[in-house]
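# Breakdown of the fold
In case you want the letters, here they are:
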Amino acid sequence: MTTVANRIYDAVIVGAGHNGLTAAGYLARAGLSTLVLERRDIVGGCCVTEEIAPGCRASTASYIASMLRPEVIRDLKLADHGLRMVPCDPALQVPFPDGQLISWWANRERVVTELRKISPKDAETFTRVDDQLKKLARYLQPFFLEPPPQLDTKSLGGWSDLLRVGKRFRGISSAEICQLVSFLTGSLGDFLDRNYESEKIKTLLLANNVYGKHGGPYQPGTALGLLFHLLTGFLRTCHGRYGRHHGSDGFGCSRIRRRDSDRRSGRTD
Ligand SMILES: Cc1cc2nc3c(=O)[nH]c(=O)nc-3n(C[C@H](O)[C@H](O)[C@H](O)COP(=O)(O)OP(=O)(O)OC[C@H]3O[C@@H](n4cnc5c(N)ncnc54)[C@H](O)[C@@H]3O)c2cc1C
């Protein structure tokens with residue numbers, strides 16, 4: 001219990017980034033009085049829209065929404081507060097010096113058609129790997145919405161978590177365990193060299209999976225990028241979809257804040 005300006009709160013969150021705001025939204029929804037403290041005069045953390053030149057507003061850090069879960073949009077009723085997601089399609093376009101442009105469309109057949117023009121063998125590999133990754137992603141995706149397991153065999157809670165994790169992996173084959181370990185720990189560069197022949201297709205896959213990483217594609221663990229993208233998606237039905245908040249990134253955070261302030265003033269459920 002903390003007192004701020006003579007008020008007592010059940011929960012205090014330091015930092016109004018999108019995670020702090022979302023946590024505050026859920027706590028308030030559970031009936032707890034919640035205080036969010038932010039050192040800046042704008043909420044959103046890295047997910048903000050700011051004036052970068054007179055009259056010109058832009059996302060100043062995060063530029064795309066990929067990890068925003070559909071459950072959060074639904075639970076916090078963000079659409080009712082004006083949030084509108086616009087899918088990025090294509091999610092990525094890679095131009096080459098010879099003038100060719102490869103696009104990564106949401107529709108897999110459309111991507112495969114583009115890849116087939118470059119290498120029919122790689123197009124086939126792309127489909128096989130995509131199926132494999134989507135299968136593996138299904139084992140990991142539920143963990144996003146659960147507390148991390150505490151695998152302690154000395155307590156009842158630890159056993160129950162062990163059971164929960166075990167149930168998630170029920171039916172996994174030994175081949176899938178090997179694939180999972182290799183995607184979680186291997187290097188993307190090695191994976192691409194082993195599986196693809198076209199340098200252009202390798203470039204497309206690298207562009208989609210190592211951006212934002214301060215290191216090269218041959219570092220151990222970089223293959224995770226392939227799997228990670230399929231764990232994302234603001235649309236439940238479509239793995240790996242990215243989108244933008246209509247009105248830029250900070251708009252999403254301002255919707256969560258607005259929802260919370262509406263709740264305080266009694267304007268919502
Ligand atoms: C350049 C860049 C680009 C990115 N692009 C993307 C992207 O396109 N898509 C994507 O999904 N993710 C992107 N990310 C990652 C994403 O922005 C972060 O994962 C996300 O912002 C984390 O949210 P958060 O709420 O945990 O923390 P933050 O967004 O970092 O928010 C933390 C908040 O806490 C406040 N704070 C810190 N200390 C205190 C204190 N002592 N008192 C009061 N307030 C405090 C800060 O001012 C800030 O507002 C990007 C990150 C960076 C840096």
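First, a word on scope: everything that follows refers to the structure included in this document. (Residues numbered from 1 in each chain as written. Predicted model: local features only at pLDDT ≥ 70, side-chain atom pairs only at ≥ 80, totals over all residues.)

## Some details on the site of the ligand
The full set close to the ligand counts 20 residues, and G15, G17, N19, G45 and C46 are the nearest of them. A breakdown of the residues in the shell around the ligand according to their chemical character gives 9 nonpolar, 8 polar and 3 charged. (Near = placed C-beta within 6 Å. Nonpolar A, V, L, I, M, F, W, Y, C, P; charged D, E, K, R; others polar.)

## A short note on unusual backbone geometry
Across the junction of D89 and P90, the peptide omega takes the value 10 degrees, indicating a cis bond. Structurally, P90 can be placed in the loop between β7 (85-87) and β8 (92-95). Backbone geometry at K77 places phi at a positive 50 degrees, although glycine is not the residue there. Judged by local crowding, K77 falls into the partly exposed class, with 17 C-beta atoms found within 10 Å. (Helix = DSSP H or I, 4+ residues; strand = E, 2+ residues; numbered from the N terminus. Buried ≥ 20, exposed ≤ 12 C-beta atoms within 10 Å, placed from the backbone.)

## Describing the nonpolar core
Counting residues in hydrophobic clusters, the biggest one holds 19 residues, and the most contacted among them are L226 and L227. Elements that contribute at least two residues to this core include exactly β9 (101-104), α3 (108-118), α4 (120-140), α7 (188-195), α8 (199-209) and α9 (224-231). With 4 residues, α4 is the single largest residue contributor to this core. Beyond its immediate stretch of four places on either side in the chain, L227 contacts L133, L136, A137 and F183. Core analysis: the second largest hydrophobic core is formed by 8 residues, L68, I73, L78 and M85 among them. (Core = buried A, V, L, I, M, F, W, Y, C linked by C-beta atoms within 7 Å. Contact = placed C-beta atoms within 7 Å.)

## What about the environment of M85?
Among the secondary structure elements, M85 is positioned in strand β7. For the pair M85 and G243, spaced 158 residues apart in sequence, the C-alpha separation works out to 6.1 Å.

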